[in-house]
Amino acid sequence: MRLAGKRALCTASAQGIGRATVEAFARDGATVFATDINEEGLKGLPEGVITFGLDVMDQGEVEAAIARTEPDILFNCAGIVHNGTILEASDDDFDVAFGLNVKAMFRTMRAAIPGMVERGGGAIVNIASAASSIIGVPNRCVYGASKAGILGLTKSVAVDFVTKGVRCNAICPGTVDSPSLHERLRATGDYEGAMKSFIARQPMGRIATAEEIAMMAVYLASDESAFVTGQAFVIDGGWTAA
């Protein structure tokens, strides 16, 4: 029970990586607060997990969630994927991507850190992506830029609070099997072809499961990683190894 006695606030918990991480945190003994803008999607989580709706784009809701949960662990998973090159991206696309992928994490961390410092420490885990400053990916301009922003934000928070007991790390997945992935594949009009393309870029010959990402989140949230901060952990089946 690596997380026994810890309180974890998780965003975007209704599906995919977020849901898998909530389940993993609960199995490892944490008191888990699972949130999502889609409150209906939170049904069916393990017994004992506390659920409530949260719009991470709303400062008031974020502050209320932090005050309610007093987290030792903050797991930031909310995000959106835009397709296209810079020539196909609109100002609105850019603003939405940075608003949800970056500013929402800025907002939750800014609200949570003072309490963590006061209580003697905490662990923040942010979901970024291999498609960021780690590797350029075709047709992922605003997405890649925003995920790179998460890495910069993560490192800044880690450095500023390294002596205060607050650790901040990021996970950078490759392609992960999730409902949102399958929605994007269907939207291409060639589901099978798009899936083959995604699988082909991972040298292992498969995409990741959400549970594989969640296991890294457990490690980074636990005291096992007490000497780890400001790092970006890539889980991509060898995609960026070369």
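Here, every reference points to the structure presented above.
These numbers come from a predicted model, not from an experiment. (Residues numbered from 1 in each chain as written. Predicted model: local features only at pLDDT ≥ 70, side-chain atom pairs only at ≥ 80, totals over all residues. Heavy atoms only, no water.)

Enquirer: Residue-level account of the overall build of the chain, with values.
Expert: Helix and strand counts for the chain stand at 7 helices and 7 strands. Listing every helix and strand of the chain by position from the N terminus yields β-α-β-β-α-β-α-β-α-β-α-α-α-β. In terms of overall dimensions, the chain has C-alpha extents of about 50 × 35 × 35 Å along its principal axes. Contacts in the chain between residues at least 24 apart in sequence constitute 70% of all its contacts with a sequence separation of at least 6. Put simply, the chain shows about 11,100 Å² of open surface, and 54% of that area lies on carbon and sulfur atoms. Put simply, the chain has 21 plus and 28 minus side-chain charges, and the middle of one group is 4 Å from the middle of the other. (Helix = DSSP H or I, 4+ residues; strand = E, 2+ residues; numbered from the N terminus. Contact = heavy atoms within 4.5 Å. Areas by Shrake-Rupley, 256 points an atom, 1.4 Å probe, with all protein chains shown as cover. Lys, Arg positive; Asp, Glu negative; His and termini not counted. Charge placed at Lys NZ, Arg CZ, Asp CG, Glu CD.)

Enquirer: For the pattern of salt bridges, give the residues involved together with the corresponding values.
Expert: As enumerated under the stated definition, the model contains 6 salt bridges in all. The partner of D28 in a salt bridge is R2, with the nearest N and O atoms 3.2 Å apart. Taken together, the positions of D28 in the loop between α1 (16–27) and β2 (31–36) and R2 in the segment before β1 (7–10) put the pair 26 residues apart, joining distant regions of the chain. The residue K6 makes a salt bridge to D223 at a minimum N-O spacing of 3.3 Å. Of this pair, K6 sits in the segment before β1 while D223 sits in the loop between α7 (210–221) and β7 (232–235), and the two are 217 residues apart along the sequence. If you follow the salt bridges from partner to partner, you end up with R2, D28 and E224 in one network. (Salt bridge = Lys/Arg side-chain N within 4 Å of Asp/Glu carboxyl O.)

Enquirer: Got a sec to walk through the packing of aromatic side chains? Specific residues and values, please.
Expert: For the structure shown, the criterion picks out 2 aromatic pairs. Ring centres of F25 and F75 lie 6.0 Å apart, and the angle between their planes is 75°; on these two criteria the pair is classed as edge-to-face. One end of the pair, F25, is in helix α1; the other, F75, is in strand β4 (residues 73–76), and 50 residues separate them in sequence. One exposure class covers both F25 and F75, and it is buried. Each ring, one from F94 and one from F98, has its centre 4.4 Å from the other, and the planes form 25°; the classification is stacked. Of the two residues, F94 and F98 both sit in helix α3 (residues 91–119), 4 residues apart, roughly one turn of that helix. It is R68 that lies over the ring of F52; its NZ or CZ is 4.1 Å from the centre. (Phe/Tyr/Trp six-rings, centres within 6.5 Å; stacked < 30°, edge-to-face > 60°. Buried < 20%, exposed > 50% of the residue type's maximum accessible area, 1.4 Å probe, protein only. Lys NZ or Arg CZ within 6 Å of the ring centre and 35° of its normal.)

Enquirer: Lay out the nonpolar core in plain terms, naming residues and giving numbers.
Expert: In this structure, I17, F25, F75, I171 and I213 are the most contacted members of the largest nonpolar core, which totals 32 residues. At the level of secondary structure, the elements contributing two or more residues to this core comprise β1, α1, β2, β4, β5 (122–127) and α7. Per-element tally for this core: the top contributor is α7, with 7 residues. Ignoring sequence-local partners within four residues, the contact set of I213 consists of I17, I127, I171, P173, V176, A208 and I235. Counting 30 residues, the second-largest nonpolar core is a separate cluster that includes L100, M105, A112 and A128. (Core = buried A, V, L, I, M, F, W, Y, C linked by side-chain atoms within 4.5 Å.)

Enquirer: Could you give an account of helix α4 (residues 141–160), with specific residues and numbers?
Expert: With 20 residues, α4 ought to run about 28 Å at 1.5 Å a step, and its terminal C-alpha atoms sit 29 Å apart, in line with that. Listed in full, the buried residues belonging to α4 are V142, Y143, G144, S146, K147, I150, L151, L153, T154, V157 and A158. Considering only its buried residues, α4 is in contact with α3, β5, β6 (166–173) and β7. (Expected span 1.5 Å × (residues − 1).)

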